[in-house]
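Commentary on secondary and tertiary structure
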Amino acid sequence: MPITVKTFASTGEAATALSSDRAARYLGGGTLVMRALNEGDISISTIVRASDHALRRIEAAGPRVTIGAAVTFATILAERELAFLHAAARSIGGPAVRNMGTVGGNLFAPNPFGDFTVALLALDATVALQGGFGARDVPIEEFLQGRERQAGSVVISISCQRPTSTEAFRYRKVTRIKPKGGSVITVAAHVPISSGRVVGARVALGSMAPTPIRARAAERALEGRPLDSSSIAAAASAVTEGTSPVDDALGSAWYRRELAGVHLRRLLSGQE
Ligand SMILES: Cc1cc2nc3c(=O)[nH]c(=O)nc-3n(C[C@H](O)[C@H](O)[C@H](O)COP(=O)(O)OP(=O)(O)OC[C@H]3O[C@@H](n4cnc5c(N)ncnc54)[C@H](O)[C@@H]3O)c2cc1C
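Residues numbered from 1 in each chain as written. Predicted model: local features only at pLDDT ≥ 70, side-chain atom pairs only at ≥ 80, totals over all residues. Heavy atoms only, no water.

A few points about the environment of Thr 211
How we decide: Comment: elements are numbered from the N terminus, with helices defined as DSSP H or I runs of at least four residues and strands as E runs of at least two. Residue burial is assigned from relative accessible area. The probe radius is 1.4 Å, only protein chains are included, and a residue is buried under 20% of its type maximum, exposed over 50%, and partly exposed in between. We call two residues contacting when some pair of their heavy atoms lies within 4.5 Å.
Along the polypeptide, Thr 211 turns up in the loop between β13 (202-206) and β14 (213-214). Thr 211 sits in the buried class, given a relative accessible area of 15%. It is 9.0 Å that separates the C-alpha atoms of Thr 211 and Val 118, two residues lying 93 residues apart in sequence. Beyond its immediate chain neighbours, meaning those up to four positions away, Thr 211 contacts Asn 111, Leu 144 and Arg 147.

This is the structure we're talking about:
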């Protein structure tokens, strides 16, 4: 089937084209869209692109970091100011995928993908969206809950607060194949410490629900307590509450439930 490719200078025009055609798909780095097309996905008849430079911009000098949706993982790995996101970027695919795959595309990636999004969810990121009728900022959790409905919008950028210290933000992806491979589970935790206690705990999980989700029971177990073996054990035993893990070739839902607590405990204890 012939595919029409429409390239626009602005994200506004791209969003209008996207929202007026159900068979149109936005093209980021194309690691998933091009694979779908090559596999003969007939639900896509139009590819929409935007050449706006804002999509490739990184603002990382201050305490709040903004990353354009078209920024690739290879670019993130080359940016020293984004060192706190390097573990998450490095965990994605191999070099070819990291060279093409984008932060914006990762927000839409189905399981077992979406690893970078797990990190962004733990960091309480905000997604800047351009729809056919205007722009708006959406908390990433809300964005993920309504992800299917966002199909007619273009993600412009993602922003988040830089963690206050290296220990405050932790990320771990569990795979069967190293150094790359699909996620069995992915865990990210933001645990800032103030006066010896965790303040503003956020724990995010990948492959434990249809989209990355927060582990709120684990967050509650950590909040206001010292980050010690007792609070970590409480968080680890609560981490699967509210989850609906994926059952796929990489691991059963049962196995993922068993692993989540083990890896959250290791992550928070600073173990390899
Ligand atoms: C071999 C291989 C290995 C992989 N390994 C991993 C991995 O380890 N971890 C992981 O997380 N992912 C992995 N992926 C999946 C994928 O490469 C990444 O999730 C990547 O971030 C997707 O970004 P993209 O720009 O290539 O998306 P695209 O393929 O361009 O798009 C994916 C979806 O996002 C939408 N989209 C993209 N950009 C925007 C935007 N700015 N606004 C609105 N919608 C947009 C598209 O319309 C489409 O629906 C892998 C893929 C392959 C092929």
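The rest of the description comes next.
Quick word on a nonpolar patch on the surface
Rules: Like charges are joined within 9 Å and nonpolar side chains (Val, Leu, Ile, Met, Phe, Trp, Tyr) within 5 Å, but only among residues with over 30% relative accessible area and no salt bridge; these make up the patches. The protein chains shown are the only cover counted for residues, whose accessible areas, like all others here, come from Shrake-Rupley with a 1.4 Å probe. Only one rule defines a salt bridge in this text: a Lys or Arg side-chain nitrogen within 4 Å of an Asp or Glu carboxyl oxygen.
Residues Met 1, Ile 3, Val 5 and Ile 42 make up a contiguous nonpolar surface patch of roughly 430 Å² in combined accessible area. Within the secondary structure layout, Ile 3 lies in the segment before β1 (4-8). Residue class for Ile 3 comes out partly exposed when judged on its relative accessible area of 33%.

Digging into the sheet that holds strand β7 (residues 134-139)
Selection criterion: A pair of strands is treated as paired once DSSP finds two or more bridges between them. The angle between two axes is taken between their N-to-C directions and runs from 0 to 180 degrees, where each axis is a line fitted to C-alpha atoms and a helix contributes only its stretch in contact.
The five strands lie next to each other as β4-β5-β8-β6-β7, forming an open sheet whose pairing is antiparallel. For this open sheet the edge positions go to β4 (58-59) and β7, each flanked by a neighbour on one side alone. Pairing geometry for β4 and strand β5 (residues 64-68), over two bridges, is antiparallel. Along β5, the bridge assignment pairs Ile 58 with Ile 67. Most of the contacts of helix α1 (residues 11-19) go to strand β8 (residues 154-161), to which it runs at about 120°, and overall it touches β6 (126-131) and β8.

Here's the deal with the domain arrangement of the chain
It is common to report an interface's size as the accessible area lost on association of the parts. The test is simple: Start and end positions for the domains come from either an automated domain assignment or a database one. Buried area counts how much accessible surface, traced with a 1.4 Å probe, disappears from two parts once they are put together, with both parts' losses summed. A 3.5 Å cut-off defines polar contacts: any pair of N or O atoms within that distance qualifies, except that in protein one atom must be a possible hydrogen donor and the other a possible acceptor, and neighbouring residues in sequence count only when both atoms are side-chain atoms.
Domain parsing of the chain yields domain 1 (4-50), domain 2 (53-161) and domain 3 (169-269). Taken over C-alpha atoms, the centre of domain 1 sits 18 Å from the centre of domain 2. Tallying the contact residues gives 14 residues for domain 1 and 16 residues for domain 2. Taking both partners together, domain 1 and domain 2 bury about 1000 Å²; carbon and sulfur atoms supply 72% of that area. The interface formed by domain 1 and domain 2 holds zero salt bridges in total. Between domain 1 and domain 2 we count zero residue pairs in polar contact (both at pLDDT 80 or more) in total. In terms of residue count, α1 provides more of the side of domain 1 that touches domain 2 than any other element does, seven residues in total.

Considerations on the pattern of salt bridges
Inspection of every chain in the model, using the stated rule, returns eight salt bridges. Taken together, the salt bridges that share partners define one network made up of Glu 141, Arg 214, Arg 216 and Glu 219.

Examining the nonpolar core
Using the following cut-off: Side-chain atoms within 4.5 Å are what join buried Ala, Val, Leu, Ile, Met, Phe, Trp, Tyr and Cys residues into a set we call a nonpolar core.
Grouped together as the largest cluster of nonpolar side chains are 49 residues, with contacts concentrated most on Ile 76, Leu 85 and Phe 116. With residues near it in sequence (within four places) discarded, Ile 76 still touches Ile 67, Val 71, Leu 82, Leu 85, His 86, Ala 89, Val 103 and Phe 116. Membership of the second largest hydrophobic core comes to 25 residues, among which are Val 187, Ala 201, Leu 205 and Leu 268.

As for the site of the ligand
Our working definition: Only heavy atoms are used to decide nearness, and a residue is near a molecule or strand if one of them lies within 4 Å of it.
Not every one of the 31 residues close to the ligand is listed here, only the nearest: Tyr 26, Gly 29, Thr 31, Thr 102 and Asp 115. Between the ligand and the protein, one listed contact pairs an oxygen atom with a backbone N or O atom of Val 33 at 2.8 Å. Among the secondary structure elements, those contributing two or more residues to the shell around the ligand are β2 (24-26), α2 (33-38), α6 (103-106) and β8. A total of three residues in the shell around the ligand trace back to one element, the largest contributor, which is α6. Inspection of the shell around the ligand shows a minimum of three residues originating in each of domain 1 (4-50) and domain 2 (53-161).

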